[in-house]
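Spelled out, the chains give:
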Amino acid sequence: MYKILLLGDSLVADYDWQAHLSSYQVRNFGVPGATSTELLASLPIIRTRADSADIIMIMIGTNDLLSGREELVVENLKSIIVQLRQDFPTAEILVNSLLPMSLPHLAAEAVENLNSHIEALAAKTGCCYLNTHDRFLRSDKQLFQEDGVHLTAAAYSLWARAFLEHLAFLIEKDDDD
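Colleague: What is the right way to look at helix α6 (residues 110–124) in this model?
Modeller: One turn of an α-helix holds 3.6 residues; hence residues three or four places apart share an orientation. Taking 1.5 Å of rise per residue, 15 residues should cover 21 Å, and α6 covers 21 Å from first to last C-alpha, within 8% of that figure. Those residues of α6 not exposed but buried are Ala-110, Val-111, Leu-114, Asn-115, Ile-118, Leu-121 and Ala-122. For α6, the angular spread of the buried residues around the axis is 120°, confining them to a single face. Looking at α6, the residues exposed on the side facing more than 90 degrees away from the buried face are Ala-123 and Lys-124. Tucked inside the fold, the buried residues of α6 contact α4 (62–66), α5 (73–87), β4 (92–96), β5 (128–130) and α7 (132–138).

Below is the structure:
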């Protein structure tokens, strides 16, 4: 059974991923309110709690962006990836895009700009990039709660489907190697 580690903030923490990824062993290390700096600092603790991983999904940066600290995300994410590669050398690392939040104080292009940097970093570091941002934009369902940040059940369902599709690709790729 493949072991999956999920790292991120409340968007990761607030969902029962194990129920929707029942063919996998899922460890959810999402922490509500977490920033990229806090995730980076928590990696030693995560390493002691997770002995191994086949796939690691990272979704971080929302709280950095909301607090005006988006300049830290890419550098912290790079450090997170480097540390995860040392701690889990055989794991596939999947970096998830930030989601298309709609908030009055957030510039319309802010998420897309940060996602372009995250995608470039994923490519540069040999990670997979899961673009749920664009998938959310194409959906006609109500994906966000009233706060414009947290997700509805429909959003999690969409995200879980996208993740499962990517997992199937990664597993097929591993089986071919």
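Colleague: How do you make sense of the pairing of strand β3 (residues 55–59) when you look at a structure like this?
Modeller: The side chains of a regular strand alternate, residue by residue, between the two faces of the sheet. Burial analysis of β3 places five of its five residues in the buried class, which makes it a mostly covered element. Where burial is concerned, the two faces of β3 agree: the one with Ile-55, Met-57 and Met-59 and the one with Ile-56 and Ile-58 are both buried. Pairing of β3 with β4 involves four bridges; the strand directions are parallel. Across the sheet, the residue bridging to Ile-56 is Ile-93, located in β4.

Colleague: Sorry, what's going on with the pattern of salt bridges here?
Modeller: Oppositely charged side chains can form a pair if their charged atoms are brought close together. Using the criterion set out here, one finds three salt bridges in the structure. Among the ionic pairs, Arg-69 bridges to Glu-71, the shortest N-O distance being 3.9 Å. The salt bridge involving Glu-165 is made with Arg-135; its shortest N-O contact spans 2.7 Å. Residue Glu-165 is located in helix α8 (residues 153–176), and its partner Arg-135 is located in helix α7; the two are separated by 30 residues in the primary sequence. Here Glu-165 falls in the partly exposed class, since its relative accessible area comes to 46%.

Colleague: I keep staring at the side chain of Asp-9 and nothing clicks. Help me out?
Modeller: Considering the arrangement of structural elements, one finds Asp-9 in the loop between β1 (3–8) and α1 (10–13). Contact partners of Asp-9, with chain neighbours within four places excluded, come to Gly-30, Val-31, Pro-32, Ala-34, Met-59, Ile-60, Thr-62 and Asn-63.

Colleague: Mind showing me how you'd approach the packing of aromatic side chains here?
Modeller: Here a ring pair, both rings aromatic, is described through the centre-centre distance and the interplanar angle of the planes. On inspection of all chains with the given rule, the structure shows seven aromatic pairs. Their ring planes at 5° and their centres at 4.4 Å tell us that Tyr-15 and Tyr-156 sit as a pair that is stacked. With a gap of 141 residues between them, Tyr-15 in the loop between α1 and α2 (17–20) and Tyr-156 in helix α8 connect regions that are remote in the sequence. Each member of the pair, Tyr-15 as well as Tyr-156, carries the same accessibility label: buried. Relative to Phe-163, the ring of Trp-17 has its centre 6.0 Å away and its plane inclined at 85°; by these criteria the two rings are edge-to-face.

Rules and cut-offs
Residues numbered from 1 in each chain as written. Predicted model: local features only at pLDDT ≥ 70, side-chain atom pairs only at ≥ 80, totals over all residues. Heavy atoms only, no water. Helix = DSSP H or I, 4+ residues; strand = E, 2+ residues; numbered from the N terminus. Expected span 1.5 Å × (residues − 1). Buried < 20%, exposed > 50% of the residue type's maximum accessible area, 1.4 Å probe, protein only. Arc of directions from axis to C-beta. Contact = heavy atoms within 4.5 Å. Pairing = 2+ DSSP bridges. Salt bridge = Lys/Arg side-chain N within 4 Å of Asp/Glu carboxyl O. Phe/Tyr/Trp six-rings, centres within 6.5 Å; stacked < 30°, edge-to-face > 60°.

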